[in-house]
Structure formats: structure tokens, C-alpha cells
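# Descriptive structure summary
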Amino acid sequence: MNASNSKAAKWSRRQVLVASASLSAVAAGSLLFSSESKARTGTLLSAYEDARGDQYVGGVSLQDQKVFGARVSMRAHGCAVHPTDPNRVLFFARRPGTQAFELDRVTMQARSVFTTEPGRHLAGHGTYSADGSLILTPEHDFERARGVVVVRDARNFAVVGEIDTSGIDPHEVAWLPDHRSLLVANGGIMTHPRSFRRKLNIPTMDPSLCVIDAATGQRKEQWRLPDHLLSIRHVSMTSTGITAVGLQYEGEDKNNAPGIVALYRPGQSKRQAQFRLLSAPASEIPKFQGYVASVAISETHDLIAAACPYGNGVACWSISDERYLGFVAASETYGLSRVADGSIVASQRDGTAYDLDETRLRSQFLKIASSQPIRWDDHWVATV
């Protein structure tokens, strides 16, 4: 791991291992439902915008079905809940935004807590270490055309180090169950703020999925898919590290995209790690339109769900045998989140939401009360 600048404090191996040592225990405490009850309690967190186009960070309380939020200066994308204080939530600006906002769920106030260093922008995602002492954000170093995971002190958001991602356009990052390794989704697409979100290198784009030792910065694994036009974007992980990876196809023929979801299986004592595309019948592929906005995986229901907003629905697979299960038709579905009982809930761009009934692959709408029309952003995070 390289220091980001001469002012950055040294980040020791012991710090990162201690910080991420209790990840599983922390994750178990930040879910939505009790496994013993179907009562609608808890919160779904998301960024959204109102009818005027003003941007907010907030979510919906399932106890009273009310939307809440605080206005912010730029569009946010994903969020991370503080592992020991669920009332503190960090939201990250959508690419090529440069700010992160902290929402205090007690006061319902939001403040900008950091801005990226010059020459870099956020990717809309980030994660805490398990003890909450560090915050890690994938960032695009567009001046040097490289990806980094920037490590900040979560108390004052000072940069204390960075990790090279062995690629460009890192989008989402997650801790593997060993509590030492980061799984990084390198999208592989070159952009520059001067051209906003224009994709500058499609013929030569180079996406990859990397496993990186968080303490040393050493790349332990790097995976590429057979078609380099499949941008690797989003991840959702089981307790054992099996990870569904959402893809976005940059080829011209969206009706014949080679895949929209890949599955990563970490190595075990008698099996090497694997990363491969999930297949679907040819007749189903046009429904996906080559684009996944978010992905969720549920061990309880042996289910992988991928939101396909351009195809107006959710594509589903089995984790255990990687079998295609079907497609749930639902317009403009973007956000997906697994809740404590293993169920998956989904958001729609028009402000509505639904449960995914995994037994019959159909949607069951949730009641949401909002004082004004809203549009959810791409991601939901379930918390208490």
C-alpha cells in the first residue's frame, strides 16, 4: 500500500486487521428483519430526488412507511452504515462527483464530510472497516488513469493510505470473510470530468475483479471475463464469500449481451477459486438489455437477483447450481437489498417498492407514504 501523500499518516498492518476483525458479527447486526418475525421494522436507506430535481440522502422507515431525508448539493449513489452506530450513514456522490455526505438519522441533518483529492472522483460506493475506525472508498485517479481504494480515518476523514486496485474505474468494494481481503470490481472504463460521464476507451476497456490484501496492498487474485466489453460493477456477498457480480455490457447489440451476472466462488481447501458468467436461455437474454443496476444474493432462499431497469424487471438464478430461475417483470427496478430473513426487496425509479416473492418469482408491493413524488437512486441498503 502506498501513502497517498506526504501528509498521510502511516496505516499499519495491525490497524487494518484489527479494524476488520469482527466483520461478520457487525454485519449480522445491521439487517432489517428479525428471522423470527415478518414484522415490518427497520429502514431501507437510499439517495433520491424530488420532482424539482433536488437531491436527498435518506430512505424509508418500514414501521410507518414514511420517506425521510436531507437535501444535499449533488446526486448521491450508494451508502455505508457505521457498524457500531447505525444512526450515522455515509452517502457517496455518483461518478464523477467528489463529495461524501454523512446523514445523522437522529437530527435528520446531512453534512459534507470530505472531498476527494484533486485529480480524483468517487464511484458512488464505499465501506467501513468492521470496527468503524476506517472508511474505504473506490476512486478513479483520472489524471494517472488508475484505480485506488482510498483509506480515511472515520473520525476526521483524513486520508491515511491508499490501495492500488490493479485496474481503472473501481466501482464497488467489499470485505471477504477472512476480514483481510478486499474484493474490488474494476469497471475498466476510462472517463474524465471534462467530458462528464462519457466513456472514452470502449474498444480497449479492461474490467477485472480483484482480491487484494488490504494491509499490504498485494494483489492476490485478478479475474477477467471472456468478453472485455462486460464492465464489472456491483457485488453482493454471502457469509462464505460467494459473490454475485453485476455487469453492464458496452457492446452495441444489447439483445445479445453475453451475460449480465457472474459468480465468484472463493477457493477452499480442495477447490480453487472460480469466476464465471451465469447463463440464461437465449429467449430470455433480450429481456435483460445487457444492464444490471444492482444485485442481491440470498443464502436463505438460494437466490441471486439482478435488477435490469432497461429490461423492466429482475433476473434470477440459483446460487447452488447456478440455474436460471426466471424473470420478474417490474418497471424500472434499480435498487435491491437482502434483509435479515433472506428476502429481497426492490425499489423502482418512480418511488414505489416491492418484495420479491422467491417461491413464485413475482412482486408484492410495499406501501410507501411520501409527501411528494420522488425518484429512488440505484441502491438500497437495509439497516435497523
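Residues numbered from 1 in each chain as written. Predicted model: local features only at pLDDT ≥ 70, side-chain atom pairs only at ≥ 80, totals over all residues. Heavy atoms only, no water.

## Topic: the overall build of the protein
Within the protein, the secondary structure is distributed over three helices and 30 strands. Here the protein, with 384 residues, has 58% of them falling under the buried criterion. Sequence separation of 24 or more characterises 50% of the internal contacts of the protein that already satisfy a separation of 6 or more. (Helix = DSSP H or I, 4+ residues; strand = E, 2+ residues; numbered from the N terminus. Buried < 20%, exposed > 50% of the residue type's maximum accessible area, 1.4 Å probe, protein only. Contact = heavy atoms within 4.5 Å.)

## Comments concerning the pairing of strand 22 (residues 303-308)
In terms of burial, strand 22 is a largely internal element, six of the six residues being buried. Side-chain alternation along strand 22 places Leu303, Ala305 and Ala307 on one buried face and Ile304, Ala306 and Cys308 on a second face that is also buried. Pairing between strand 21 (residues 294-298) and strand 22: five bridges, direction antiparallel. Along strand 22, the bridge assignment pairs Ser294 with Ala307. With five bridges joining them, strand 22 and strand 23 (residues 313-317) adopt antiparallel strand pairing. (Pairing = 2+ DSSP bridges.)

## So, the nonpolar core
Burial of nonpolar side chains together is a common tendency in soluble globular proteins. By size, the foremost hydrophobic cluster in this structure holds 22 residues, and its most contacted members are Leu209, Ile232, Val245, Tyr264 and Phe275. Elements supplying a minimum of two residues to this core: strand 14 (181-186), strand 15 (208-213), strand 17 (230-237), strand 18 (243-249) and strand 19 (261-265). For this core, the element with the most residues is strand 17, which contributes four residues. The next biggest cluster of nonpolar side chains, apart from the first, holds 19 residues, and it includes Leu278, Val292, Ile297 and Ala315. (Core = buried A, V, L, I, M, F, W, Y, C linked by side-chain atoms within 4.5 Å.)

## Section: the environment of His121
Here His121 is to be found in strand 8 (residues 120-122). Sequence spacing of His121 and Asp141 is 20 residues, and the spatial spacing of their C-alpha atoms is 7.0 Å. Sequence-distant contacts of His121, defined by excluding residues within four places in its chain, comprise Arg95, Pro96, Gly97, Thr98, Thr116, Glu139, His140, Phe142, Thr191 and Pro193.

## Some thoughts on the packing of aromatic side chains
The tally for this structure, following the rule as stated, stands at 11 aromatic pairs. Ring geometry for Phe288 and Trp317: centres 6.0 Å apart, planes at 55°, overall tilted. Of this pair, Phe288 sits in helix 3 (residues 285-288) while Trp317 is found in strand 23, placing the two residues 29 residues apart along the sequence. Note on accessibility: Phe288 and Trp317 belong to one class, buried. Ring plane angle 65° and centroid distance 5.3 Å describe the contact between Trp317 and Tyr324, whose orientation is recorded as edge-to-face. Take Trp317: its relative accessible area is 1%, and that puts it in the buried class. Since its relative accessible area comes to 16%, Tyr324 is described here as buried. Taken together through their ring pairs, the aromatic side chains of Tyr48, Tyr56, Trp376 and Trp380 make up a single cluster. (Phe/Tyr/Trp six-rings, centres within 6.5 Å; stacked < 30°, edge-to-face > 60°.)

## Thoughts on the pattern of salt bridges
Counted according to the given criterion, the structure contains 25 salt bridges. Note that Arg224 is salt-bridged to Asp206, the shortest N-O span being 2.7 Å. Of this pair, Arg224 sits in the loop between strand 16 (219-223) and strand 17 while Asp206 sits in the loop between strand 14 and strand 15, and the two are 18 residues apart along the sequence. The partly exposed category is assigned to Asp206, whose relative accessible area is 34%. (Salt bridge = Lys/Arg side-chain N within 4 Å of Asp/Glu carboxyl O.)

## Comments concerning the confidence of the model for the protein
Confidence in the prediction of the protein, expressed as mean pLDDT, is 88, and 88% of residues score 70 or more. Contacts of residues 1-38 to residues separated by more than four positions or lying in other chains number 77 contacts, the stretch itself having pLDDT below 50. (pLDDT = per-residue confidence, 0-100.)

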